[in-house]
Amino acid sequence: MAWLVLVALVVMRPSYASMAMDPGGAPVLCPAGQYFMVSMESSEHNGCVPCRDNEISAAGDENCSPCNEGSTSNQKHTECMACRAGTYRNSDMSRCELCPENHFSEKGAGECMQCQEMSTANAQRTECVTGCDLDLGYALENRPHGEVVEVTCVAGLHTVGPNTITCDNGQWSPYPTCLAIGKIRK
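Predicted, not measured: the structure shown is a model, and the values here were computed from it. (Residues numbered from 1 in each chain as written. Predicted model: local features only at pLDDT ≥ 70, side-chain atom pairs only at ≥ 80, totals over all residues. Heavy atoms only, no water.)

Below, the discussion takes up the pattern of salt bridges. Going through the model one piece at a time under the given rule, you end up with 3 salt bridges. Between Glu-97 and Arg-95 there is a salt bridge, with its nearest N and O atoms 3.1 Å apart. Residue Arg-95 is classed as partly exposed on the basis of its relative accessible area of 43%. A salt bridge links Glu-147 to Arg-143; the shortest N-O distance between them is 2.8 Å. (Salt bridge = Lys/Arg side-chain N within 4 Å of Asp/Glu carboxyl O. Buried < 20%, exposed > 50% of the residue type's maximum accessible area, 1.4 Å probe, protein only.)

Here it is as structure tokens:
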């Protein structure tokens, strides 16, 4: 008795069921930062189009993926980049903007936080800084971070070096020296 063995040769073709197809049925692989758009109105508009703001895609992706809160896409729409410290993603989610006055943020933050009472945000909006107490001799005044105050010496004395001090996060810069300047007697 002779046995007949049949060997079936199965040729596997890549599955294009989940891929975009051009009008001729060939698969379309869009480059990174783009996706395949199918127009129901006309086959003329079928093709790869750029991802929208704050969306990215890798080469061959059918769809674009949104960036997380606190980040935005690069210009090529190939990667999400965290907003730098002092910024947040704006309301229309198109770009990172500087935090409003008296607010700050860390890198990648989705929103800015308000500074507490008696403090204010620095110019870069990366941290809150406190003011400095200025002793006027009869009262204390709190001056804001960054304020420059002119210092004068009492009558008969003159300042040596700069005659201003600057408030830097709760600390005054060094005070100038006041010296008597006069003629030397022999």
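With respect to the helices, strands and loops of the structure, Glu-97 is situated in strand 10 (residues 96–98). A relative accessible area of 26% places Glu-97 in the partly exposed class. The spacing of Glu-97 and Thr-87 is 10 residues in sequence and 5.1 Å in space, taken between C-alpha atoms. Apart from residues no more than four positions distant in its own chain, Glu-97 is found in contact with Gly-86, Thr-87, Tyr-88 and Asn-90. (Helix = DSSP H or I, 4+ residues; strand = E, 2+ residues; numbered from the N terminus. Contact = heavy atoms within 4.5 Å.)

Bringing the state of the cysteines into the picture now. Using the criterion set out here, one finds 8 disulfides in the structure. Disulfide pairing places Cys-51 opposite Cys-64 at an S-S distance of 2.0 Å. Because the sign of the S-S torsion sets the handedness, a value of about -80° for the bond joining Cys-51 and Cys-64 places this disulfide among the left-handed ones. Pair noted here: Cys-51 is in the loop between strand 4 (47–50) and strand 5 (55–56) and Cys-64 is in the loop between strand 5 and strand 6 (65–66), with a separation of 13 residues, a long-range link. No difference in accessibility class separates Cys-51 from Cys-64, as the two residues are buried. Note on cysteine connectivity: Cys-99 is disulfide-linked to Cys-112, with sulfurs 2.0 Å apart. Between Cys-99 and Cys-112 the disulfide shows an S-S torsion of about -80°. By sign, it is left-handed. Here the residue Cys-99 occupies a position in the loop between strand 10 and strand 11 (103–104), and Cys-112 occupies one in the loop between strand 11 and strand 12 (113–114), the gap between them amounting to 13 residues. (Disulfide = S-S within 2.5 Å.)

The subject of this paragraph is the layout of surface pockets. Roughly 170 Å³ of internal volume is contained in the largest pocket. At the level of secondary structure, the elements contributing two or more residues to the lining of the largest pocket comprise strand 15 (132–135) and strand 17 (148–150). (1 Å grid on protein atoms, 1.4 Å probe; cavity = no way out; pocket = protein on both sides within 12 Å on 5 of 7 lines; lining within 4 Å. Points joined across faces, edges and corners; volume = space filled by probe spheres on them.)

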